[in-house]
Amino acid sequence: MYHFLISKNMNPGEKRGISIFKGVLERLFLITGILLGYPQVIIAFGALKIGTRFRNSEKGKVSDDYFLIGNLVSLLAVMLFIWVLGFF
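Residues numbered from 1 in each chain as written. Predicted model: local features only at pLDDT ≥ 70, side-chain atom pairs only at ≥ 80, totals over all residues. Heavy atoms only, no water.

1. Quick notes on the pattern of salt bridges
Piece 1. Counting across every chain of the model gives three salt bridges.
Piece 2. For the salt bridge of Lys-22 with Asp-65, the shortest nitrogen-to-oxygen distance reads 2.9 Å. Here Asp-65 lies in helix α4 (residues 59–85) and Lys-22 lies in helix α2 (residues 16–35), a separation of 43 residues in the sequence. By the burial criterion, Lys-22 is buried, and Asp-65 matches it. (Salt bridge = Lys/Arg side-chain N within 4 Å of Asp/Glu carboxyl O. Helix = DSSP H or I, 4+ residues; strand = E, 2+ residues; numbered from the N terminus. Buried < 20%, exposed > 50% of the residue type's maximum accessible area, 1.4 Å probe, protein only.)

In structure tokens:
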């Protein structure tokens, strides 16, 4: 049922795996940031999403995915590093 709901909202050429991974990573980033007390993650997330929308060509889609995933992973790592340092 879940895959059916996702599939009907996707473009025919879009890969389902990367879209699901990006969605999970985006939500993990937002939830982690808010739970750790960093409401600024909402602003950072919005800026990153807008940054991926500037180029609309299909060729730029792959680089936009890497841009978004790379930046979300980097910011998530920074938040977790600061959280770990808080225990010491």
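2. Things to note about α2
Piece 1. Relative to the 28 Å expected for 20 residues at 1.5 Å per residue, α2 spans 28 Å between its end C-alpha atoms, a close match to the ideal helical length.
Piece 2. Of all the residues in α2, the buried ones are Ser-19, Lys-22, Gly-23, Leu-25, Glu-26, Phe-29, Thr-32 and Gly-33.
Piece 3. Just downstream of α2, Gly-37 is the residue with a positive phi angle, here 90°. (Expected span 1.5 Å × (residues − 1).)

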